Amino acid sequence: EPEVTQTPSHQVTQMGQEVILRCVPISNHLYFYWYRQILGQKVEFLVSFYNNEISEKSEIFDDQFSVERPDGSNFTLKIRSTKLEDSAMYFCASSVTSGGTEAFFGQGTRLTVV
Amino acid sequence: AQSVSQHNHHVILSEAASLELGCNYSYGGTVNLFWYVQYPGQHLQLLLKYFSGDPLVKGIKGFEAEFIKSKFSFNLRKPSVQWSDTAEYFCAVKTNNQGGKLIFGQGTELSVKP
């Protein structure tokens, strides 16, 4: 069964450093998403991406964040200068369409900023 | 703003007990509704979904949910839980004016005692 894969599973970084979280969505999916879950809190939407551009982003997704689909298979989330409060589990998801189909989630990357 | 509310943060049941997890959302228009499950150390997996039609939907592993439009609810049920159902359960809503973005509830942790 096709699945969304994320790497790494756990990333520890120092405050102020840049991190790149990687995702390989399901191959025939066209819509890609990043969500995050701070420990003990709900899963929050960050950004959606379609046709090589951001289609929607949340207030959390400020100038420190960016997304890219560099090679047609990977979908990356970059945080330019990490802060302590960026520590969270980051989930990538993909779907065939934006409505009428479900999103499939990766296993998540746990980001710890120290 | 749209929101999703799950009534229980932590539910503890014995095996064979019946389960009902509450989920309410705030949005007056057309919605797609989902329940995802996250087993310890694993990614979010879709349990069941509602797009249209019969408001009683059946999912995997014996779970079902009923969409009651007048109550803005989508409660998850299972007649007899097993120890293996121990996991975190997330209700999520997709509205027809937000592309593919999912709005999640805060999650309910289910612990089933053998």
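Up top you'll find the structure we're talking about.
Before going further, it helps to examine the interface of chain B and chain A. Residue-level contacts link 20 residues of chain B with 17 residues of chain A. Note on chain B versus chain A: buried area summed over both sides is about 1,600 Å², and carbon and sulfur give 56% of it. Linking chain B to chain A there are 2 salt bridges. Where K49(B) meets E102(A), a salt bridge forms, and the shortest distance between an N and an O atom there is 2.8 Å. At the boundary of chain B and chain A, one finds 6 residue pairs in polar contact (both at pLDDT 80 or more). Elements with a minimum of two residues in the side of chain B that touches chain A: β5 (31-38), β6 (44-50) and β10 (87-95) of chain B. Top element by residues in the side of chain B that touches chain A is β5(B). It accounts for 4 residues. Residues that form the side of chain B that touches chain A fall into these classes: 9 nonpolar, 8 polar and 3 charged.

In this structure, the largest pocket encloses a volume near 420 Å³. In terms of lining, the largest pocket is formed by 20 residues, of which the most central are Q37(A), L39(A), G40(A), Q38(B) and E88(B). Residues belonging to the lining of the largest pocket are distributed by class as follows: 6 nonpolar, 11 polar and 3 charged. Looking at the lining of the second largest pocket, the elements that each hand over two or more residues are β10 (104-105) of chain A together with β6 of chain B.

As used in these notes, a disulfide is a covalent bond between sulfur atoms, one from each of two cysteines. Residue and element names in this part refer to chain A. Evaluation of the coordinates by the stated rule reveals 2 disulfides over all chains. Across the disulfide, C23 is cross-linked to C92 (sulfur-sulfur distance 1.9 Å). The sign of the -65° torsion about the S-S bond sets the C23-C92 disulfide as left-handed. With a gap of 69 residues between them, C23 in strand β3 (residues 19-24) and C92 in strand β9 (residues 88-95) connect regions that are remote in the sequence. Neither C23 nor C92 differs from the other in exposure class; each is buried.

Turning to the sheet that holds β3(A), a few remarks are in order. All names here are of chain A. The 4 strands are arranged β1-β3-β8-β7 in an open sheet whose pairing can be described as antiparallel. Only two strands of the sheet have a single neighbouring strand rather than two, namely β1 (5-7) and β7 (65-68). Here the average twist between neighbouring strands, direction ignored, is 20°. As paired strands, β3 and strand β8 (residues 75-79) are joined by 5 bridges and run antiparallel to one another. Looking at β8, one finds that C23 is bridged to F75.

Take empty space enclosed by the protein next. Under the definition given, this model contains 1 cavity of 30 Å³ or more. Looking at the largest cavity, its volume works out to about 30 Å³. A per-class count over the lining of the largest cavity returns 5 nonpolar, 4 polar and no charged.

Cut-offs and rules
Residues numbered from 1 in each chain as written. Chains lettered and ligands numbered in written order. Predicted model: local features only at pLDDT ≥ 70, side-chain atom pairs only at ≥ 80, totals over all residues. Heavy atoms only, no water. Contact = heavy atoms within 4.5 Å. Buried area = accessible area lost by both parts, 1.4 Å probe. Salt bridge = Lys/Arg side-chain N within 4 Å of Asp/Glu carboxyl O. Polar contact = N/O pair within 3.5 Å; in protein donor to acceptor, adjacent residues only side chain to side chain. Helix = DSSP H or I, 4+ residues; strand = E, 2+ residues; numbered from the N terminus. Nonpolar A, V, L, I, M, F, W, Y, C, P; charged D, E, K, R; others polar. 1 Å grid on protein atoms, 1.4 Å probe; cavity = no way out; pocket = protein on both sides within 12 Å on 5 of 7 lines; lining within 4 Å. Points joined across faces, edges and corners; volume = space filled by probe spheres on them. Disulfide = S-S within 2.5 Å. Buried < 20%, exposed > 50% of the residue type's maximum accessible area, 1.4 Å probe, protein only. Pairing = 2+ DSSP bridges. Axes fitted to C-alpha atoms, helices over the stretch in contact; angles between N-to-C directions.

The quantities given are spatial measurements derived from coordinates; they are silent on function.
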